[in-house]
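# Coordinates in review
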Amino acid sequence: MESKRVRITSAIMALMLVMLTLLGCTGNAAQSTDATSSSETTTASTTTTTTTTTTTTTTTTTKKLTTTKKKTTTTVMQEKITSKKYTTTQVYNPDRGAYLESIKGNKKLIAFTFDDGPAPAYTNKLLDNLDRFNARVTFFVVGDRVGKYAETLKRAHNMGNEIGSHAYDHSDLTKLSNAELMKQIEKTNKEVEKVIGVAPGLLRPPYGSYNDKVKAAAGVPVITWCVDTLDWKYKDKKKVCDNIIKNARDGAIVLMHDLYPSTVDGAIMAMDKLQHEGYAFVTVSELAYLKGKTLQPGKVYNSIK
Ligand code: NI
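The model shown is predicted, which means the values in this text are computed figures rather than measured ones.

A word on the overall build of the protein. Summing up its helical and strand segments, the protein has 12 helices and eight strands in all. Within the protein, the fraction of its 305 residues that count as buried is 45%. Of the contacts formed within the protein by residues at least 6 apart in sequence, a portion of 77% connects residues at least 24 apart. Split by element, the accessible area of the protein, about 16200 Å² in all, is 57% carbon and sulfur.

Here the focus is the pairing of strand S6 (residues 252-257). Counting buried positions over the six residues of S6 gives six, a clear majority of the element. The side-chain alternation of S6 yields two buried faces, one formed by Ala252, Val254 and Met256 and the other by Ile253, Leu255 and His257. When strand S1 (residues 109-115) meets S6, the two strands line up parallel, connected through six bridges. Residue pairing for S6: Phe114 is matched across the bridge by Met256.

What follows is about the packing of aromatic side chains. One pass over the structure, following the stated rule, counts three aromatic pairs. Seen from their ring centres, Phe112 and Phe281 are 5.5 Å apart, and the 65 degrees between their planes marks the pair as edge-to-face. Of this pair, Phe112 sits in strand S1 while Phe281 sits in strand S7 (residues 280-281), placing them 169 residues apart in sequence. Each member of the pair, Phe112 together with Phe281, is buried. A centroid spacing of 5.9 Å and a plane angle of 35 degrees characterise the contact between Phe114 and Phe139, whose relative ring orientation is tilted. Of the two residues, Phe114 is situated in strand S1 and Phe139 in strand S2 (residues 138-141); the sequence distance between them amounts to 25 residues. On the accessibility criterion, Phe114 (0% relative accessible area) is buried. Among the aromatic residues, ring-to-ring pairing joins Phe112, Phe133 and Phe281 into one connected group.

Take the nonpolar core next. Grouped together as the largest cluster of nonpolar side chains are 37 residues, with contacts concentrated most on Ile110, Phe112, Phe139 and Phe281. At the level of elements, S1, helix H4 (120-130), S2, helix H6 (150-158), helix H7 (178-196), helix H10 (237-247), S6 and helix H11 (261-276) are the ones that each hand at least two residues to this core. Here this core gets six residues from one element, more than from any other, and that element is H11. Not counting residues within four places of it along the chain, the set of residues in contact with Phe281 comprises Arg96, Ile110, Phe112, Phe133, Asn134, Ala135, Arg136, Met271, Leu274 and Gln275. Core analysis: the second largest hydrophobic core is formed by 18 residues, Leu109, Ala111, Ile223 and Tyr301 among them.

Bringing the coordination of the nickel ion into the picture now. Distances from the nickel ion to its protein donors, namely Asp116 (OD), His166 (NE2) and His170 (NE2), fall within the range 2.1 to 2.2 Å. Along the chain, the residues donating to the nickel ion are arranged with the sequence spacing D-x49-H-x3-H. Remark: His166 occurs in the loop between strand S3 (162-165) and H7 and Asp116 occurs in the loop between S1 and H4; sequence separation between them is 50 residues. Here the two residues Asp116 and His166 agree in accessibility, since each one is buried.

Our next topic: the environment of Glu101. Its location among the elements puts Glu101 in helix H3 (residues 97-103). Counting along the chain gives 189 residues from Glu101 to Leu290, while the straight-line C-alpha distance between them is 8.3 Å.

We now examine the side chain of Asp116. Summary of buried charges: Asp116 has no salt-bridge partner, and the nearest side chain of opposite charge, Arg145, is 7.9 Å away. Sequence-distant contacts of Asp116, that is, excluding residues within four places in its chain, are made with Phe140, Val142, Arg145, His166, His170, His257 and Leu259.

Applying the stated criterion across every chain, the model contains 12 salt bridges. Lys104 is the partner of Glu101 in a salt bridge, and the nearest nitrogen-oxygen pair spans 3.8 Å. Look at Glu101 and you get partly exposed, because its relative accessible area is 41%. A relative accessible area of 41% means that Lys104 is categorised as partly exposed. Residues Arg136 and Asp131 are paired through a salt bridge, measuring 2.9 Å at the closest nitrogen-oxygen approach.

Analysis parameters
- Residues numbered from 1 in each chain as written.
- Predicted model: local features only at pLDDT ≥ 70, side-chain atom pairs only at ≥ 80, totals over all residues.
- Heavy atoms only, no water.
- Helix = DSSP H or I, 4+ residues; strand = E, 2+ residues; numbered from the N terminus.
- Buried < 20%, exposed > 50% of the residue type's maximum accessible area, 1.4 Å probe, protein only.
- Contact = heavy atoms within 4.5 Å.
- Areas by Shrake-Rupley, 256 points an atom, 1.4 Å probe, with all protein chains shown as cover.
- Pairing = 2+ DSSP bridges.
- Phe/Tyr/Trp six-rings, centres within 6.5 Å; stacked < 30°, edge-to-face > 60°.
- Core = buried A, V, L, I, M, F, W, Y, C linked by side-chain atoms within 4.5 Å.
- Donors = N, O, S within 2.8 Å, 3.2 Å for Na, K, Ca; no water.
- Lys, Arg positive; Asp, Glu negative; His and termini not counted.
- Salt bridge = Lys/Arg side-chain N within 4 Å of Asp/Glu carboxyl O.

This is the structure in structure tokens:
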């Protein structure tokens, strides 16, 4: 009985000692934090300090959370930018297979490209004339025109022409934030896919303006040009035609805009002349296929030889 009581007493004493030690520790912490605290105010200081400590901890946690969130956003952006894959569904229209085989090895292959459309009146006139030259071309369309002129785009695609992206509202992509840049690419892809069932397999940045960020965001090959017809400047079919003829060469990519009647007329005149010189008119991806080249996402091509 006696020893049991001693054991209980010593246990209580030990517990008190631990409590005192703990209180002492907190008190010390309070003093070290607040040097002006006297021993009488230790308890009060302790409470304050504990509160302060809690607040500080909370702030740190919030800060940490914010940092983590920021990091995550950046990572997602990088993943988005680099994880896009080049779709090969548009490499060439299977209906063109036999014709393409027949022109394999032709040393006069040329890709006519038309930006800024669709523009029904002129785009359709061009489409009306392609069959007589066995020609197919590439259209780099502006996203915000796609829904409006869906029928024209569908027709161009169904004929076996290639549809590339020219961004959503013709912004200079190098001047945008990451988020804005992705929006331009993704919105255009969505618009085009809604109409023809497949997203653009190529990107031509407006103004031919690109940097590393644009190349990474593209997710598909970036196509510029080596022949600039300056059709928008002259609006003269003869000049358009002459500029094409003068600069035509095997593997060339020619820049035009199907926004002007003079461009369409000039392009048709040039096809007529070049066909007699032995040229074949192919899309950008057909050109790559015929040259045995696999276009790489994020790489820039101004011609394909
Ligand atoms: Ni343009």
